[in-house]
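# Structural overview for review
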Amino acid sequence: MPNIAIIGYNIFGIGGTTRSNLNLMHEFDYSEYQLAYYNYTEFSKRDVLSLKNKYPYTSKVDFRFFLELYNLEPKQSYDYIFVTREDFFPLAKILRKAYPQAIIIGEIHTPLALLKRKLTGLEYFSCLRVATESIKEKLSSQYDYNRIYVQTVSLVHLNWNFKEQVTNSNLLVHSRFDDSQKDISYTLRLLNQLVNNEGQKQVKLYLSGAGPDLGKYKKYIKNQRLKNNVTISQRKLPQNFTAISTSHYETLGYSIIESVAQGHRVLAYYGDDDVVYENLADVPLITWLSKDLKEDTPRVLAALRARPTLAEFRESQAALEKLAGHYLEKFLANTQLYQGVKFDLAKITSADIPTCRKQIEAVLGSPLAPWYIKLYRYFKKTSLKIFLPK
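Residues numbered from 1 in each chain as written. Predicted model: local features only at pLDDT ≥ 70, side-chain atom pairs only at ≥ 80, totals over all residues. Heavy atoms only, no water.

With 15 residues, helix H1 (residues 16–30) should cover 21 Å at 1.5 Å per step; its first-to-last C-alpha distance of 21 Å lies within 8% of that length. With respect to burial, H1 is a largely interior element, 11 of its 15 residues being buried. Residues of H1 that are buried: Thr18, Arg19, Ser20, Asn21, Leu22, Asn23, Leu24, Met25, His26, Glu27 and Phe28. Glutamate 32 sits one or two positions beyond H1 and adopts a positive phi of about 60°. (Helix = DSSP H or I, 4+ residues; strand = E, 2+ residues; numbered from the N terminus. Expected span 1.5 Å × (residues − 1). Buried < 20%, exposed > 50% of the residue type's maximum accessible area, 1.4 Å probe, protein only.)

On to the pattern of salt bridges. Counted according to the given criterion, the structure contains 14 salt bridges. With a closest N to O distance of 2.7 Å, aspartate 62 and arginine 64 form a salt bridge. Its relative accessible area of 34% is what places aspartate 62 among the partly exposed residues. The partner of arginine 265 in a salt bridge is glutamate 312, with the nearest N and O atoms 2.9 Å apart. Placement of the pair is arginine 265 in the loop between helix H8 (254–261) and strand S12 (266–269) and glutamate 312 in helix H11 (residues 310–324), with a sequence separation of 47 residues. Bridged by salt links that share partners, the residues Asp62, Arg64 and Glu68 form one connected network. (Salt bridge = Lys/Arg side-chain N within 4 Å of Asp/Glu carboxyl O.)

Running from N to C, H8 and H11 point in directions that differ by 135°, and their axes come no closer than 10 Å. Judged by the inter-axis angle, H8 sits oblique to H11. Both H8 and H11 take part in a crossing whose hand is left-handed. For the pair H8 and H11, the contacting residues are Ile257, Val260 and Ala261 in the first and Phe313, Ser316 and Leu320 in the second. Classifying every residue of the contact of H8 with H11 by side-chain character gives 5 nonpolar, 1 polar and no charged. (Axes fitted to C-alpha atoms, helices over the stretch in contact; angles between N-to-C directions. Parallel < 35°, antiparallel > 145°, perpendicular 65-115°, else oblique. Left-handed = near helix turned anticlockwise from the far one by under 90°. Contact = heavy atoms within 4.5 Å. Nonpolar A, V, L, I, M, F, W, Y, C, P; charged D, E, K, R; others polar.)

Written out as structure tokens, the structure is:
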């Protein structure tokens, strides 16, 4: 039975890479693979129990701590190792020495334009996985590296469910409030154009999420007198809406796809690098935005008026199945090409471990939580009753 290791930052948190890694576990669980997950941040037994209760397909996963990987003589062996964060790529050198026969896959989740540091350790990977052909071409050219395959992340978590939409004027953004990538500011400017310049007072925008730029959005809403048209909440959301995404970059766009799977129409920007469009151009429930207010205003109004049809829903489902379906079958075919690649292991010694660890922690900080974080977690999860007098 093949052994799989997945290395990630924090499976107990939220985000696109977390969802991707959970889907990986789900895919391999179907085929009875043995799975281990190495988490960079410290975690507790309670964290693991909670995750396994929430996602039953993780019940057999062996959750381990990242620091165990700094060992050239491990007790276990793996056939496939996924490194799912670019900041971990320096670890490939240690992994290659420890698991010389393993297929080690480096996953590119961050849009190339947002990668702040040069990728290192590529020579020790069996191959890299990227989302699109254009990313493959750019990466190959930039690093003179050709062991790259294209495959969309698994979408096994999608629950396809078409419900007739009632005609409405609701727009919904479900995203992290981080303008450097998500550019929710453009959505707000588009709303301002609709409400204050076009007189479309009925249009409502719902912002669902959290992040550092919430204050910035609130200030804009106040200054443009949009308080009656914007609701910021993660709970009080309408059942009928058109989703909207104006992110600068997405290597896929989970929020877009999840909205489509629930039968909603989506307004989406192509992406500054056109990757969103490259992935999802064939999905009929998506209306494309150009980030030109004059062009996008009528597109938004047309999308709000057009209720999604069952035919569009089925065509969208088929397009996404073609894009991301049969994940395991495609994965095995793609990685088979890189079996038997030879690596120079002679120069790798235990002296490389501190250097590797220093590189990673310079970016991510120590994986060991400081005492005050541990104390906070303890009190957060412990009933006050144990401290009260009996």
